[in-house]
Amino acid sequence: MARISEIRVAVPSFCCEREDIVAEAKLWLSQTSKESALFERFLGSSRIRRRHFVLPPAEIRALGGQAARCKIFAKEGTALAAEAIGKVLAAAELTPRDIDTLIFTSCTAPLIPSPDAYLVNVMEFSKHVRRLPIY
């Protein structure tokens with residue numbers, strides 16, 4: 001019988017409070033005040049108090065587009081996923097071969113293949129493990 005044995009997270013090291021995110025959004029969306037106001041309204045209704053990033057927000061803004069962000073996410077997202085999986089396996093006293101389904105979720109960047117695809121080989125999951133990447 002299938003079951004979820006553990007849930008664990010791994011978060012990047014840079015943390016921004018809501019006020020910092022709003023200030024960054026104003027810089028990022030400075031060309032259109034309408035978009036900035038819409039983002040601020042969205043952030044307020046989401047009740048997000050803080051967000052974590054692998055880079056300081058100013059460096060993220062300087063990347064210049066999604067391709068550069070995807071490259072960083074491929075490396076950092078895979079490392080964070082490995083950290084979270086390691087926590088799950090340790091807490092549940094399991095090995096990667098004991099897992100039959102791996103669910104990966106992120107709203108950072110759509111990667112093909114997604115970070116969990118790399119982890120299947122690196123962490124030695126069964127070749128029959130089912131993957132469900134959700135973006």
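Structural data are supplied above this passage.
About the cut-offs
- Residues numbered from 1 in each chain as written.
- Predicted model: local features only at pLDDT ≥ 70, side-chain atom pairs only at ≥ 80, totals over all residues.
- Heavy atoms only, no water.
- Disulfide = S-S within 2.5 Å.
- Buried < 20%, exposed > 50% of the residue type's maximum accessible area, 1.4 Å probe, protein only.
- Helix = DSSP H or I, 4+ residues; strand = E, 2+ residues; numbered from the N terminus.
- Contact = heavy atoms within 4.5 Å.
- Axes fitted to C-alpha atoms, helices over the stretch in contact; angles between N-to-C directions.
- Parallel < 35°, antiparallel > 145°, perpendicular 65-115°, else oblique.
- Left-handed = near helix turned anticlockwise from the far one by under 90°.
- Nonpolar A, V, L, I, M, F, W, Y, C, P; charged D, E, K, R; others polar.
- Core = buried A, V, L, I, M, F, W, Y, C linked by side-chain atoms within 4.5 Å.
- Patch = residues over 30% accessible without salt bridge, like charges linked within 9 Å, V, L, I, M, F, W, Y side chains within 5 Å.
- Areas by Shrake-Rupley, 256 points an atom, 1.4 Å probe, with all protein chains shown as cover.
- Salt bridge = Lys/Arg side-chain N within 4 Å of Asp/Glu carboxyl O.
- Pairing = 2+ DSSP bridges.
- Right-handed = clockwise from strand over helix to strand, strands pointing away.

## Here we look at the state of the cysteines
Okay, so step 1: The final tally for this structure, using the stated rule, is 0 disulfides.
Okay, so step 2: Cysteine Cys70 is unpaired, with the sulfur of Cys107 as its nearest cysteine sulfur at 13 Å.
Okay, so step 3: Using a relative accessible area of 13% as the deciding quantity, one classes Cys70 as buried.

## A few points about the environment of Gly77
Okay, so step 1: Examined against the element boundaries, Gly77 turns out to sit in helix H4 (residues 66–92).
Okay, so step 2: Judged by its relative accessible area of 7%, Gly77 falls in the buried class.
Okay, so step 3: C-alpha of Gly77 to C-alpha of Cys107: the two residues are 30 residues apart in sequence and 11 Å apart in space.
Okay, so step 4: Apart from the residues within four sequence positions on either side, Gly77 is in contact with Ile72 and Pro115.

## Regarding the packing of H4 against helix H5 (residues 115–122)
Okay, so step 1: In contact at an axis separation of 9 Å, H4 and H5 are set at 55 degrees when each is read in the N-to-C sense. Relative to H5, H4 is oriented oblique. The element H4 and its partner H5 pack so that their crossing is right-handed. Residues Phe73, Gly77, Thr78, Ala81, Ala82 and Ile85 of H4 form the contact with H5, whose own contacting residues are Pro115, Tyr118 and Leu119.
Okay, so step 2: For the contact of H4 with H5, the residue count by class is 7 nonpolar, 2 polar and no charged.

## Thoughts on the nonpolar core
Okay, so step 1: Of all hydrophobic cores here, the largest spans 15 residues; its most connected members are Ile85, Leu102, Met123, Phe125 and Val129.
Okay, so step 2: Of all the secondary-structure elements, those providing two or more residues to this core are H4, strand E3 (101–105) and H5.
Okay, so step 3: With 5 residues, H4 is the single largest residue contributor to this core.
Okay, so step 4: Contacts of Val129, omitting those with residues within four sequence positions, involve Ile99, Asp100, Thr101, Leu102 and Val120.

## Description of a nonpolar patch on the surface
Okay, so step 1: Among the surface-exposed residues, Ile103, Leu132 and Ile134 lie close enough to one another that they form a single nonpolar patch of about 260 Å² accessible area.
Okay, so step 2: Here Ile103 is to be found in strand E3.
Okay, so step 3: Among the residues examined, Ile103 registers a relative accessible area of 53% and is labelled exposed.

## Some points on the pairing of E3
Okay, so step 1: Burial of E3 is one-sided: the residues Leu102 and Phe104 facing one way are buried, the residues Thr101, Ile103 and Thr105 facing the other way are not.
Okay, so step 2: Taken together, the 5 bridges between E3 and strand E4 (residues 130–134) define a ladder with parallel strand orientation. Directly across from Ile103, in E4, lies its bridge partner Leu132.
Okay, so step 3: Chirality of the crossover, the property in question, places the unit of E3, H5 and E4 among those that are right-handed.

## Some words on unusual backbone geometry
Okay, so step 1: Cis peptide bonds are those with omega within 30 degrees of zero, and the linkage from Ile112 to Pro113 qualifies with -5 degrees.
Okay, so step 2: Mapped onto the fold, Pro113 is located in the loop between E3 and H5.
Okay, so step 3: Notably, Arg47 is not glycine yet its phi reads approximately 65 degrees, a positive angle.
Okay, so step 4: Along the chain, the position of Arg47 falls in the loop between helix H2 (33–46) and strand E2 (50–53).
Okay, so step 5: In this structure Arg47 comes out as exposed when scored by relative accessible area, which is 69%.
Okay, so step 6: One non-glycine residue, Glu124, lies in positive phi territory at about 60 degrees.
Okay, so step 7: Looking at where Glu124 falls in the secondary structure, it is placed in the loop between H5 and E4.
Okay, so step 8: The class for Glu124 is exposed, based on a relative accessible area of 53%.

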